[in-house]
Amino acid sequence: MDPVKVFHEVESIIKNRVTGRLVHVNRWPDFSVVTVTPGPRSEQDQDLPRPAIKYSWMMFYTDGHLEDAQEMIESPKSPFNYRMEEKILLTGFPQTCLSMLQNHTTQFGGQLWHKSDDGKFVNCVLMAASKNMLQDFAIPTGYEVTDLTQSDVQLVMDTWKFAGKDSSMETYVKHLIRSRPSVKLKTDSGDCIGVMLQQYYGCIGMLYVYPQYRRKGFAKIIITSLAKTMFEIYSFVGVSIESYNKESMDLHTKCGFDFVEDGEVFWCYYSSPKSNK
């Protein structure tokens, strides 16, 4: 992935952070590896809720430059070395990095893991659309598209499969609705059809359409409506889709999205020997 394409992502993390966060890159501006870690908490903030994103992030944009990731991981400033008491969320790393990370944990301890049903690492494919690629789907009479509001937080929590019972995720959803583009499709009488938001890392996601409204074209309206809003800010819109979800890939293809070359990426956590799972 071209570092230029994720430059706005790093800036967005700094600008729209839930709490103070520190962003490290292996070099600037042509970075290929990014780490994002919770910033220091002042004494008066100690009683406040923990950040919505509890983990440090490590994002890989290596373009095959595996040595960059290796150097970043082994750096004294790496979360692997100076935040050993915490779990680290590893995001968007390619297959080539997986073996390197496994070798690292074998040598220095710790474990790579993910909360998936089969215990495997979650791999996703990246898709993207530009403004001229996006398809146009008319909103039928009797329906309207609006932004999500804070009164919709529970609705999102009830429909997002990763929400769980973690109260920090509610903080995360509140922040997304407050600071990021979002879409709610509803009837003129106020019944919600479905929702979608821009996630913290830049991609759109959290799509949900209520069962009674599925297979009627509403998902395409929701996706393209959110993309149109984002094109007022960005030159392209991306989505990360779990590799097993062929239905979602087909849906986004119909909306004008195309697969990103070498766009298969993995997500997992790193737990050091000192951290609690």
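Note that the structure is a prediction, hence the values are computed from the model and not measured.

Chemist: Before we move on, could you go through the overall build of the protein chain and cite the residues and values that matter?
Modeler: On a plain count of helices and strands, the protein chain comes out with eight helices and twelve strands. Within the protein chain, the fraction of its 277 residues that count as buried is 52%. A sequence separation of at least 24 residues applies to 69% of the contacts in the protein chain between residues at least 6 apart. Total accessible area on the protein chain stands at roughly 14300 Å², and carbon and sulfur atoms take up 50% of it.

Chemist: Tell me about the nonpolar core, and please be specific about residues and values.
Modeler: Membership of the largest hydrophobic core comes to 28 residues, with the highest contact counts inside it found for Ile204, Ile223, Val237 and Phe257. For this core, the secondary-structure elements that each account for two or more residues are strand E6 (122-130), strand E8 (182-187), strand E9 (192-198), strand E10 (204-209), helix H7 (218-230), strand E11 (236-242) and helix H8 (246-254). No other element matches the eight residues that H7 contributes to this core. If you look at the next biggest cluster of nonpolar residues, it comprises 18 residues, including Leu148, Val153, Leu155 and Val173.

Chemist: Any details on the pattern of salt bridges? Residues and values, ideally.
Modeler: Enumeration according to the criterion identifies five salt bridges in this entry. Across the pair Arg215 and Glu247 runs a salt bridge whose closest N-O atoms are separated by 2.8 Å. Within this pair, whereas Arg215 is found in the loop between E10 and H7, its partner Glu247 is found in helix H8, the two being separated by 32 residues in sequence. Looking at Arg215, the relative accessible area reads 76%, which means it is exposed.

Chemist: Could you give me a rundown of the packing of aromatic side chains, with the residues and numbers involved?
Modeler: Under the criterion given, the structure shown has four aromatic pairs. Measuring from ring centre to ring centre gives 5.0 Å for Tyr143 and Phe218, while their planes differ by 50°; the resulting arrangement is tilted. Linking Tyr143 in strand E7 (residues 143-146) with Phe218 in helix H7, this pair joins segments that are 75 residues apart in sequence. Here a set of aromatic residues connected by ring pairs shows up, and it is made of Tyr143, Tyr213 and Phe218. Across the ring face of Tyr208, the terminal group of Arg214 is positioned such that the distance to the ring centre comes to 5.3 Å. Note that Lys220 overlies the ring of Phe137, its terminal NZ or CZ placed 5.8 Å from the centroid.

Scoring rules and cut-offs
- Residues numbered from 1 in each chain as written.
- Predicted model: local features only at pLDDT ≥ 70, side-chain atom pairs only at ≥ 80, totals over all residues.
- Heavy atoms only, no water.
- Helix = DSSP H or I, 4+ residues; strand = E, 2+ residues; numbered from the N terminus.
- Buried < 20%, exposed > 50% of the residue type's maximum accessible area, 1.4 Å probe, protein only.
- Contact = heavy atoms within 4.5 Å.
- Areas by Shrake-Rupley, 256 points an atom, 1.4 Å probe, with all protein chains shown as cover.
- Core = buried A, V, L, I, M, F, W, Y, C linked by side-chain atoms within 4.5 Å.
- Salt bridge = Lys/Arg side-chain N within 4 Å of Asp/Glu carboxyl O.
- Phe/Tyr/Trp six-rings, centres within 6.5 Å; stacked < 30°, edge-to-face > 60°.
- Lys NZ or Arg CZ within 6 Å of the ring centre and 35° of its normal.

Everything listed is a geometric property; what it means functionally is a separate question.
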